[in-house]
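Listed here are the chains, written in short residue letters.
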Amino acid sequence: MIGAPVSLNLGHGLTLTTEPYWMHFHGAGNDGQDQNEYGYNGTQPTGNLNIPGNMDGQAAILAVDNFNQTVTGFNNTLSWKRGHNELQAGYWYEYYNHTEQAPFEPLGANGLAANFWGQSPILTDTGTPIMQFNIHLVEQTNALFLSDTYKMLNDRLVLNAGFKYVMLTYHSTNLIPGDDYNYGRSDAEPLPQVSVSYKLTKHDQIYFDAATAFREPSGILVYGNLWDANSPTVDEEHATNLKAEYSISEELGWRHTGLVNVSASVFNYNMSNRQSSTSQYFGGRLISTYINAGGQTSRGVQVALGLRPWHYFSPYVSFQYLHATLDNNLGNGTDYIPSAGKIAIYSPKFTVNTGLSYDNGHIFGNGYMSYVSSQYSTFMDNATLPAYAVGNITLGYRFRNVWLAKSPQVQLNVLNVTDNKYLSSGGGSFTAKTIKGVYGHTITGSQPLYTVGGGFGLVVSVSSGF
């Protein structure tokens, strides 16, 4: 990740800030499946694949998911300060370029593939790699924004109002024989926001803000189909009914600074076209299906307390209560499940974090524990993810400046100190039990699939500013 922010004083209260950035990500997430000796690449027969280790016309193989993406953009803001007022106007542009290929690789006698990244793929009789998908996605974002901040009563009262208009367009292709090939959509969303804060005393402030936000559908199967190499059919069709998630939020809170820093707030979120997913196995592979979960209302309370450093030590604790409910019945085939009013999946009622940090300028560290209460894992609230607690520790040393390096440091992170075995999340299902739909149809239940939480781990990092 590279960023190069520049701020120019233009005089007369004008300041131009430009923040260009560039990011590159590359990785792979692999799993496996059984593959027929005679298969398909999209809709085209492969001929004899001659897979090593096949028995009775089948062999276990590695299913690779190799992604590569670059993100380039800049954010320009022109500010004008005059008296108690600051006016800002700006433009943000981002170009997102993503390729994701999912070839198959044979396994050796030791159960391992020759290459983790899919560079030794299984080939058809014409020399073409067989793949689940071969997607290229280009996404462009343009955003115009305007904001005004006014301070009154010796800066104790701060009023802000802003408006952003975001325009997003994407185009993707899937280079699998027989696929639709072209996918794309465009969205334009208005995003207003307002905020008010008032200093009651030197150490106390109350505030209120109301904001809007949106999120585009995520997941690679939004942008193309996933194919089954054992048959000339689509294993999982790309989602077609998804819209951009839109939310309206309000928050009212109080902050206190001093020996003990306190932050407390109540919040309310209203979402439409809530993005969610269900997970199931296709051909031995775990596939997420993205759905429009309708409206959701989330309300709750957040409280956090932290002690100002005392002899370099700072204890802290935070607490959240969340009540999130579904606003709609969700479509399932030709019927709907009666999900309106149910608690939203993976929305823990209670979350607690507590810890102790130490920092004397050179030696630093912290230890903290997180507790997450049980969560429903189906939209009908008839299966539960158990509550869990995890503890982590960080230890490090910060050096003095060395030539161009500013405050270089080495850091050790100890993850899940007690090696607690737990389930952290998952892909929900509509219902774990067979139920009657809104129109009387029988809807068969299926158990949700869970993600196993990370075990004990050590991570060492070295970093520096320049």
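Right above here is the structure, for reference.
Definitions and cut-offs
Residues numbered from 1 in each chain as written. Predicted model: local features only at pLDDT ≥ 70, side-chain atom pairs only at ≥ 80, totals over all residues. Heavy atoms only, no water. Helix = DSSP H or I, 4+ residues; strand = E, 2+ residues; numbered from the N terminus. Buried < 20%, exposed > 50% of the residue type's maximum accessible area, 1.4 Å probe, protein only. Contact = heavy atoms within 4.5 Å. Areas by Shrake-Rupley, 256 points an atom, 1.4 Å probe, with all protein chains shown as cover. Lys, Arg positive; Asp, Glu negative; His and termini not counted. Charge placed at Lys NZ, Arg CZ, Asp CG, Glu CD. Core = buried A, V, L, I, M, F, W, Y, C linked by side-chain atoms within 4.5 Å. Salt bridge = Lys/Arg side-chain N within 4 Å of Asp/Glu carboxyl O.

## Some remarks on the overall build of the chain
- Secondary structure summary: the chain contains zero helices and 34 strands in total.
- With the C-alpha coordinates aligned to their principal axes, the bounding extent of the chain is approximately 80 × 65 × 50 Å.
- The buried share of the chain, reckoned over its 466 residues, is 38%.
- Considering only contacts within the chain whose residues lie at least 6 apart along the sequence, 64% involve residues at least 24 apart.
- Carbon and sulfur atoms make up 58% of the accessible area of the chain, which amounts to about 24,900 Å² in all.
- Placing the 23 positive and 33 negative side-chain charges of the chain at their respective mean positions leaves the two points 18 Å apart.

## Focus: the nonpolar core
- By size, the foremost hydrophobic cluster in this structure holds 17 residues, and its most contacted members are Leu330, Ile337, Phe379, Phe430 and Ile435.
- The element best represented in this core is strand β21 (residues 313–326), accounting for three residues.
- If sequence neighbours within four positions are ignored, Phe430 has contacts with Thr278, Ile291, Leu330, Gly331, Asn332, Ile337, Thr378, Phe379 and Met380.

## Here we look at the side chain of Gln409
- Tracing the sequence through the fold places Gln409 in strand β29 (residues 406–415).
- Since its relative accessible area comes to 17%, Gln409 is described here as buried.
- Setting aside anything within four residues of it in sequence, one finds Gln409 in contact with Phe364, Tyr397, Arg398, Phe399, Ser461, Val462 and Ser463.

## Quick word on the pattern of salt bridges
- For the structure shown, the criterion picks out six salt bridges.
- Measuring nitrogen to oxygen at the nearest pair gives 3.2 Å for the salt bridge that ties Glu245 to Arg274. Pair noted here: Glu245 is in strand β16 (residues 245–256) and Arg274 is in the loop between β17 (260–272) and β18 (275–282), with a separation of 29 residues, a long-range link.
- Residue classification places Glu245 among the buried residues on the basis of a relative accessible area of 9%.
- By relative accessible area, which is 23% here, Arg274 ends up partly exposed.
- Of the charged contacts, one joins Lys421 and Asp419 as a salt bridge, the two residues approaching to 2.9 Å between their closest N and O atoms.
- For Lys421, a relative accessible area of 66% puts it in the exposed group.
- Classification of Asp419 as partly exposed rests on a relative accessible area of 31%.
- A single salt-bridge network, built from bridges that share partners, covers Arg185, Asp187 and Glu216.

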